[in-house]
Amino acid sequence: MYSGILENLLNIHPIIPIIISLILYSGVIRFGEFIYRIRYLKEIFKNISEIRYQKGIIGFNIILIFTYPISLYNHNNIIFFKILSSTLLILGIQKIYFISKSIFNYISKKKIKFPIFKPYSSEVLVYLLLAAYFFICLFPISHADSVDYHLNLAKRFVTEDIFYMDIFDPLRILGGGGETLIAIGLVYNSDNFANFVQYAGLVSLFGIFKKLDSNKKNDSNLFYFLILISSPLLLHFLTSSKPQFLHIASNALSFLICFQIIKNIITNEKIIKISILLISILLINSVNAKYSFIIPVFLIS
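Definitions and limits used
Residues numbered from 1 in each chain as written. Predicted model: local features only at pLDDT ≥ 70, side-chain atom pairs only at ≥ 80, totals over all residues. Heavy atoms only, no water. Helix = DSSP H or I, 4+ residues; strand = E, 2+ residues; numbered from the N terminus. Buried < 20%, exposed > 50% of the residue type's maximum accessible area, 1.4 Å probe, protein only. Axes fitted to C-alpha atoms, helices over the stretch in contact; angles between N-to-C directions. Parallel < 35°, antiparallel > 145°, perpendicular 65-115°, else oblique. Contact = heavy atoms within 4.5 Å. Nonpolar A, V, L, I, M, F, W, Y, C, P; charged D, E, K, R; others polar. Expected span 1.5 Å × (residues − 1). Patch = residues over 30% accessible without salt bridge, like charges linked within 9 Å, V, L, I, M, F, W, Y side chains within 5 Å. Areas by Shrake-Rupley, 256 points an atom, 1.4 Å probe, with all protein chains shown as cover. Salt bridge = Lys/Arg side-chain N within 4 Å of Asp/Glu carboxyl O. Phe/Tyr/Trp six-rings, centres within 6.5 Å; stacked < 30°, edge-to-face > 60°.

1. Comments concerning unusual backbone geometry
Moving on, step 1. Here the phi dihedral of asparagine 189 falls at roughly 55°; this positive angle occurs in a residue that is not glycine.
Moving on, step 2. The topology assignment puts asparagine 189 in the loop between helix 9 (178–186) and helix 10 (193–213).
Moving on, step 3. The class of asparagine 189 is partly exposed, set by a relative accessible area of 35%.

Written out as C-alpha cells, the structure reads:
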C-alpha cells in the first residue's frame, strides 16, 4: 500500500523526481562527509583540492565499490536498492537541513556581503557555467543511447531480484558499475540523478583547478578549466546517463594522489597506504564502468 501511494505521488508532477534527485545527491555529499572523517584523508587532499569539492565524487566511489559486486551476486536486489536509496534520501534531508540552518544563522548574525569578482574574469565565467550546467542536470535524459540500454539496464537492477548474464541479451553484457548508481535514483523514478553523478565529477575537477590557482595572483588555471567546461562535448556528458565524467575526474584524482607519493610530498607510511587504497578504489570503479579506463590503470601501475 505504501509503495503504491509513493509511486502515485512521484507520477503527480515531473518536479517531484527532480526534487528527489537533488535530495539523493545531497545524501551522497553527506555520505562523503562521513568518509572524510577517516583519519589522514584530509592530509591526502590538502595539496590537491578543498575537501568540500571532493565530497560528492568520493561518496559516489565508495558507494559504487560496494554496490556493484553486491548487485551482481545478490538475490534481493529490489530490497537492497530500496534500502540504499532510502538511506541516501534520509542523509540528503539531513544535509539540506544543515545547509538551510547555516544559511539562516549567517543571515541573522551578519549582513549579507556578496563576493566581489573582477568583471569578465575567468572566475565569473566559470561560476556562471557551473550554475548553467547545474540547471541542465535538472532536464530529463534524452540521448537515445542512454535511454536504450543505460536506463534500461539500471531499471532491471531495481525490478529484478537477481541480475543474470545472458549472451542473447546484449544489454546485460554491455552494462557496468555506473548503472548501479543510476538505479539508486530509479527507485524513486528519478532519472535526473544520473546527471548529478556526472556533475559530481565536474565539481571535483573545479576544486582541483581552483586549488592550483590559489597560490597565483592571476587566474590562469581557472582559464584552462574554463576552456574545458566550454567544450560542447561536456553537454553530452552531463545530459546523458553514462557516468563517464565521474570516472574521468576519478582518474585525475588518482594521478594527482600518485604524483604526491612519487614526489615524496606524502611521506607518512600510513597516509601512503590509505592513498594507495583510495587510488585502487577509484581505478577499480573506472574499469568496471568502462574497460578503456584500464589505460590510466596501466600508466599508474
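2. A short note on the packing of helix 4 (residues 55–73) against helix 9
Moving on, step 1. Between helix 4 and helix 9, the least distance of the axes is 8 Å, while the angle of their chain directions is 95°. It follows that helix 4 is roughly perpendicular to helix 9 by the angle criterion. Across the interface between the two elements, Phe60, Ile63, Leu64, Thr67, Tyr68 and Ser71 of helix 4 pack against Thr180, Leu181 and Ile184 of helix 9.
Moving on, step 2. The residue inventory of the contact of helix 4 with helix 9, partitioned by class, reads six nonpolar, three polar and no charged.

3. Observations regarding helix 13 (residues 244–262)
Moving on, step 1. Taking 1.5 Å per residue as the helical rise, helix 13 with its 19 residues ought to reach 27 Å, and the 27 Å between its terminal C-alpha atoms agrees with that figure.
Moving on, step 2. Of all the residues in helix 13, the buried ones are Gln244, Phe245, Leu246, His247, Ala249, Ser250, Asn251, Leu253, Ser254, Ile257, Cys258 and Gln260.
Moving on, step 3. Looking at the residues trailing helix 13, positive phi occurs at asparagine 264, about 60°.

4. Brief notes about a nonpolar patch on the surface
Moving on, step 1. A contiguous nonpolar patch, built from Ile99, Ile103, Tyr106 and Ile107 and spanning about 350 Å² of accessible area, is present on the exposed surface.
Moving on, step 2. Summarising the element assignment, isoleucine 99 is placed in helix 5 (residues 77–109).
Moving on, step 3. The exposure class assigned to isoleucine 99 is partly exposed, which follows from its relative accessible area of 38%.

5. Focus: the packing of aromatic side chains
Moving on, step 1. Counted by the stated rule, this structure contains 11 aromatic pairs.
Moving on, step 2. Centre to centre, the rings of tyrosine 25 and phenylalanine 60 are 6.3 Å apart; their planes meet at 20°, and the pair counts as stacked. Placement of tyrosine 25 in helix 2 (residues 15–35) and of phenylalanine 60 in helix 4 is noted, with a sequence separation of 35 residues between them.
Moving on, step 3. On the accessibility criterion, tyrosine 25 (9% relative accessible area) is buried.

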